[in-house]
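The lines below spell out each chain.
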Amino acid sequence: MDAADAADAVDAVESGTGAGDPGQERLRRWRLVLGGEAADGTGCALSGRDAAMDGTLTALYGKGDKPQSGRERSAGLGASAPSVARWLGDIRTYFPSSVVQVMQRDAIDRLGLASLLLEPEMLEAVEADVHLVGTLLSLNKAMPETTKETARAVVRKVVEDLEKRLATRTRATLTGALDRSARISRPRHHDIDWNRTISANLKHYLPEYRTIVPERLIGYGRASRSVKKEVVLCIDQSGSMAASVVYASVFGAVLASMRSIDTRLVVFDTAVVDLTDQLDDPVDVLFGTQLGGGTDINRALAYCQSQITRPAETVVVLISDLYEGGIRNEMLKRVAAMKASGVQFVALLALSDEGAPAYDREHAAALAALGAPAFACTPDLFPEVMAAAIEKRPIPVPDTV
């Protein structure tokens, strides 16, 4: 059995009936991890809630194909949606939400249950999260009509939760960046950019008074309602980028809601699809993607480049693991050309909470040499990255890339 996975689940559970005796509690936890097989050596019997919890772990982390019998642990979810739905209900009873989400992913990966997500009964029982949305999107084309409405409801719940968490801070951060990027020459006192004002007036320094006469004031403006910046999100929709596609779609919708930013969202594999007209509903954007397939970054960047009308006011964000199936040298030439024209180019290896993904290190190094470091970005850092790009400041690259 996979003891490590079961141990992670057990560690997240509160102590059981043996909590008063540290030794007994230790045996209880080992018994839950090891599954009660003949070689577990604990001699610990489970009953009540612990026995039921052991059953849920047995169904997922047991070994062998034979059904559960006595003290033997085997993978016992079976292949029917009702039995899996009951199991999903059980794990939500015994484990916290964060562990439930991990166990769901393990069940899909270990026991091949992805196809059961096509059944409404199954979907209604799952704990919705970003990873589940990614799985549903990968199954979108195979999904029967009877399931699609349930699937959309699950996806919408996750998207709305993400928007509540991310939208307010993103709008506030970018509004500030837009204001600071709009320089004016007759600012109010509280809008003066003192660093730029001092630099611009150094020639008016009066040594006898040890002061600078600010003949020219430079201040932060207030972004008007007319479009000031253009943002192009160019998203790799290969299967490994599922979580990034979800977050990027949510951020795309948030950016599109800001009048001072003209936002374009492009997804690609070996083909390129412009989903900008669906940005008012990120759920429509997500169901317009097609996870999986090859990758042609060069073709995608060629399309994005063709849409740029004001390069000095444009930010292009490429979200990709950089495994290029197209023409590598042409891809790099396009990035260099965009940067030379004044475009702020940002390369994100991932936009998710999953940490640094597997990526093409050679291509990442080549982009860094062009002044476009590629790095994995969390959703919490993304507003700061965009603000820096809008203000043409150095991008805040995390220490670990």
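- Looking at an unreviewed UniProt entry, one finds the protein named VWA domain-containing protein and attributed to Streptomyces fuscichromogenes.

Points about the overall build of the protein
Right, so step 1: For the protein, the count of helices and strands is 15 helices and ten strands.
Right, so step 2: Counting every position in the protein, which comprises 401 residues, the buried fraction comes to 47%.
Right, so step 3: A fraction of 71% describes how many contacts in the protein between residues 6 or more apart in sequence connect residues 24 or more apart.
Right, so step 4: Accessible surface, the protein: about 18,800 Å² in total, of which carbon and sulfur atoms supply 50%.

What about the pairing of strand 8 (residues 314–319)?
Right, so step 1: By the criterion of burial, strand 8 is predominantly enclosed, with six of the six residues buried.
Right, so step 2: Judged by which residues are buried, strand 8 turns out to be covered on both faces: Thr-314, Val-316 and Leu-318 on one side and Val-315, Val-317 and Ile-319 on the other are all buried.
Right, so step 3: As paired strands, strand 8 and strand 9 (residues 344–351) are joined by five bridges and run parallel to one another. The partner of Leu-318 across the bridge, within strand 9, is Ala-347.
Right, so step 4: The β-α-β motif built from strand 8, the intervening helix 13 (residues 328–340) and the parallel element strand 9 has right-handed crossover chirality.

Notes on the nonpolar core
Right, so step 1: The biggest cluster of nonpolar side chains holds 61 residues, and the ones touching the most others in it are Leu-117, Val-317 and Phe-382.
Right, so step 2: Ranked by the residues each element gives to this core, the list is headed by helix 8 (residues 145–181), at ten residues.
Right, so step 3: The residues touching Phe-382, leaving out its near neighbours within four places in the chain, are Leu-233, Phe-251, Val-317, Leu-348, Leu-351 and Cys-377.
Right, so step 4: Residues Ile-297, Cys-304, Val-316 and Leu-332 belong to the second largest nonpolar core, which totals 26 residues.

What about the side chain of Asp-321?
Right, so step 1: Note that Asp-321 resides in the loop between strand 8 and helix 13.
Right, so step 2: No salt bridge is formed by the buried Asp-321, whose closest oppositely charged neighbour, Arg-361, lies at an N-O distance of 12 Å.
Right, so step 3: Non-local contacts of Asp-321, meaning those with residues more than four positions away in its chain, are made with Asp-236, Ser-238, Ser-240, Met-241, Leu-349, Ala-358, Tyr-359 and Asp-360.

A look at the pattern of salt bridges
Right, so step 1: Within this structure, the stated rule accounts for twelve salt bridges.
Right, so step 2: Where Arg-310 meets Glu-230, a salt bridge forms, and the shortest distance between an N and an O atom there is 3.3 Å. Of this pair, Arg-310 sits in the loop between helix 12 (297–306) and strand 8 while Glu-230 sits in strand 5 (residues 229–236), and the two are 80 residues apart along the sequence.
Right, so step 3: A salt bridge links Glu-362 to Arg-328; the nearest nitrogen and oxygen atoms lie 3.6 Å apart. You can see Glu-362 sitting in helix 14 (residues 361–369) and its partner Arg-328 sitting in helix 13, a full 34 residues away along the chain.

Criteria and thresholds
Residues numbered from 1 in each chain as written. Predicted model: local features only at pLDDT ≥ 70, side-chain atom pairs only at ≥ 80, totals over all residues. Heavy atoms only, no water. Helix = DSSP H or I, 4+ residues; strand = E, 2+ residues; numbered from the N terminus. Buried < 20%, exposed > 50% of the residue type's maximum accessible area, 1.4 Å probe, protein only. Contact = heavy atoms within 4.5 Å. Areas by Shrake-Rupley, 256 points an atom, 1.4 Å probe, with all protein chains shown as cover. Pairing = 2+ DSSP bridges. Right-handed = clockwise from strand over helix to strand, strands pointing away. Core = buried A, V, L, I, M, F, W, Y, C linked by side-chain atoms within 4.5 Å. Lys, Arg positive; Asp, Glu negative; His and termini not counted. Salt bridge = Lys/Arg side-chain N within 4 Å of Asp/Glu carboxyl O.

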